[in-house]
Amino acid sequence: MRVLVTGGAGYIGSVVAGQLVAAGHDVTVLDDLSTGFADAVPPGATFVKGTLRDCAAEVLADGIEAVLHFAAKSLVGESVANPAKYWSNNLGGTISLLEAMREIGVRTIVFSSTAAVYGEPEHIPITETEPGRPTSPYGASKVAVDTALAEYARMRVLV
């Protein structure tokens, strides 16, 4: 299977990309290297340096069948100091990715969210049925992405 791993030069994305390569998948990593490292891209994966806004459509059009989406700004403190950066990158970048997927016909996506969507939970361990009450722009941007994904799935654009 041809798979795109966004944020695949970051900590989690690079590990998942490596597992996919080891399982025999044809993996393309898309990362802007703003927090990731080119050296983290696993051997055997194709690396494309760029943003979701600038490169997603071109990369998807090369026969990608599924997306594993890890690309995001993720520093809570920075998100409080510069919320627009987080809304633009996390939500705006994801919308660009989803629109490219819709236009090209790629319907499968796995999204890496965060416990930050729950803020200060009432119960621990946190279950997915807990209400979302983010306490930072980072967490709120991830809730917005969760909502966008649910809406695209409801419209039957994604599976």
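Remember, predicted model here, so these are calculated numbers, not experimental data.

## Points about the pairing of strand β1 (residues 2–6)
With respect to burial, β1 is a largely interior element, four of its five residues being buried. Across five bridges, the pairing between β1 and strand β2 (residues 26–31) is parallel. Note on β2: the bridge partner recorded for V5 is V29.

## Some thoughts on the environment of V157
Relative to the elements of secondary structure, V157 occurs in the segment after α5 (137–154). Remark: the alpha-carbon pair of V157 and Y138, spanning 19 residues in sequence, is separated by 26 Å. In this structure V157 touches R102, R107 and Y152, once residues within four positions along its chain are discounted.

## Observations regarding helix α2 (residues 52–60)
Among the residues of α2, L52, C55, A56, V59 and L60 are the ones counted as buried. Summarising the axial view, the buried residues of α2 lie within an arc of 125 degrees, below the 170-degree limit, and thus occupy one face. Turned more than 90 degrees away from the buried face of α2 sit D54 and E58, all of them exposed. Looking at the buried positions of α2, the neighbouring elements they touch are β1, β2, β3 (46–49), β4 (66–69) and α4 (83–104).

What counts and how
- Residues numbered from 1 in each chain as written.
- Predicted model: local features only at pLDDT ≥ 70, side-chain atom pairs only at ≥ 80, totals over all residues.
- Heavy atoms only, no water.
- Buried < 20%, exposed > 50% of the residue type's maximum accessible area, 1.4 Å probe, protein only.
- Helix = DSSP H or I, 4+ residues; strand = E, 2+ residues; numbered from the N terminus.
- Pairing = 2+ DSSP bridges.
- Contact = heavy atoms within 4.5 Å.
- Arc of directions from axis to C-beta.

In short, shape yes, function no, at least from these values alone.
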